[in-house]
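Observations on the model geometry
The residues making up each chain are set out below.
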Amino acid sequence: SARTGAGGPHVAALCEAQGVPASIINSYVFPTTATAGLTAGNPKLTPERANTFNFGLVWTSSATAPLFRRFSASVDYYNITIDNVISVVPGLTALSKCYDLDGSNPSYSPTNEFCQLLSRDPQTGQLVVIDTPYLNLGGLKTDGIDVQLNWAADLGDFGWTHAKGVIAVQSGIGYTRNYEVKTLPGQPWLDYAG
């Protein structure tokens, strides 16, 4: 569809510049749904930086009644921002950006940084491998609340005088208020909360 759309002639020229033979450019179809990926380290990485803030309260029952003396609850708020997240550029993202499907390569240049991640067979033009090196990409911002409830009682607390053991119930509930990801530098933040 990229080859037949508005930028079709540019995409075809880019494919040819990358090694798709001109004789098959109009009928070229990628024959599979997968391509090998090569993930490698990167000595140019810089550390991720995070700003975090956590605040929590724990309440423990002071009741003396057997069924309520082992009850507790906690509430925690967290706020985390990470810059220079270390991650890989997924192969599909590299393809989309190389062929300007999202405006990342408006000149359709084969020297575009994302196009440089693609390797083709010079005879068939087929994608052989997509490099997915570790890079300092975008960022992550999230905040929310976690609540935990704990209750326990001895079996004897229920009047079972000869019973040994404990019944315990724990429940944890989390609410993510905000979960924003910036996949690449200069890209907008996308909110995935909910």
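Provided above is the structure to which this section pertains.
What counts and what doesn't
- Residues numbered from 1 in each chain as written.
- Predicted model: local features only at pLDDT ≥ 70, side-chain atom pairs only at ≥ 80, totals over all residues.
- Heavy atoms only, no water.
- Helix = DSSP H or I, 4+ residues; strand = E, 2+ residues; numbered from the N terminus.
- Rg over C-alpha atoms; globule rule 2.2 N^0.38 Å.
- Buried < 20%, exposed > 50% of the residue type's maximum accessible area, 1.4 Å probe, protein only.
- Phe/Tyr/Trp six-rings, centres within 6.5 Å; stacked < 30°, edge-to-face > 60°.
- Lys NZ or Arg CZ within 6 Å of the ring centre and 35° of its normal.
- Pairing = 2+ DSSP bridges.
- Arc of directions from axis to C-beta.
- Contact = heavy atoms within 4.5 Å.
- Disulfide = S-S within 2.5 Å.
- Salt bridge = Lys/Arg side-chain N within 4 Å of Asp/Glu carboxyl O.

With that out of the way, let us pick up the overall build of the protein chain. Counting secondary structure elements, the protein chain contains 2 helices and 10 strands. Helices and strands in the protein chain line up, N terminus first, as α-β-β-β-β-α-β-β-β-β-β-β. Against the 2.2 N^0.38 benchmark of 16 Å for 194 residues, the protein chain shows a C-alpha radius of gyration of 28 Å, more extended than a compact globule. Sorting the 194 residues of the protein chain into buried and exposed places 28% on the buried side.

This part covers the packing of aromatic side chains. Tallied over the full model, the rule gives 3 aromatic pairs. Here the guanidinium or amino end of K97 rests over the ring plane of F114, the centre of that ring lying 5.8 Å away. Over the aromatic face of W189 sits the side chain of K141, whose NZ or CZ is 4.2 Å from the ring centroid.

Once that is clear, we can look at the sheet that holds strand β8 (residues 139-154). Here 5 strands make up an open sheet; going across it, the order is β2-β3-β8-β9-β10 and the pairing antiparallel. A single partner strand is all that each edge strand has here, and the edge strands are β2 (49-60) and β10 (190-191).

Next up on the list: helix α1 (residues 8-18). What α1 keeps buried is the set G8, V11, A12, L14, C15 and Q18. Along the axis of α1, the buried residues cluster in a sector spanning 160 degrees; they form a single face. Facing away from the buried side of α1 by over 90 degrees, the exposed positions are P9 and A17. Where α1 is buried, its residues contact α2 (91-98) and β5 (118-120). Of the residues trailing α1, G19 is marked for its positive phi of about 120 degrees.

On to the pairing of strand β3 (residues 71-83), then. In terms of strand pairing, β2 meets β3 through 12 bridges, oriented antiparallel. Opposite R49, over in β3, you have D83 as the bridge partner. Across 13 bridges, the pairing between β3 and β8 is antiparallel. By the bridge assignment, D83 is partnered in β8 with G139.

Below, the discussion takes up the state of the cysteines. Tallied over the entire structure, the rule returns 1 disulfide. Residue C98 pairs covalently with C115 via a disulfide, S to S 2.0 Å. Its S-S torsion of about 100 degrees marks the bond between C98 and C115 as right-handed, since a negative value means left-handed. In this pair, C98 is assigned in helix α2 and C115 in the loop between α2 and β5, connecting sequence segments 17 residues apart. You can call C115 buried: its relative accessible area is 3%. For C15, which is in no disulfide, the shortest distance to another cysteine sulfur is to C98 and amounts to 7.9 Å.

This part covers the pattern of salt bridges. Taken as a whole, this structure holds 5 salt bridges when the rule is applied. We note a salt bridge from R69 to D157, for which the minimum N-O separation is 3.5 Å. Note that R69 is positioned in the loop between β2 and β3 and D157 in the loop between β8 and β9 (166-182), a separation of 88 residues in sequence. Judged by relative accessible area, which is 21%, D157 ranks as partly exposed. For D154, the salt bridge goes to R70, with nearest N and O atoms at 3.0 Å. Here R70 lies in the loop between β2 and β3 and D154 lies in strand β8, a separation of 84 residues in the sequence. A single salt-bridge network, built from bridges that share partners, covers R69, R70, D154 and D157.

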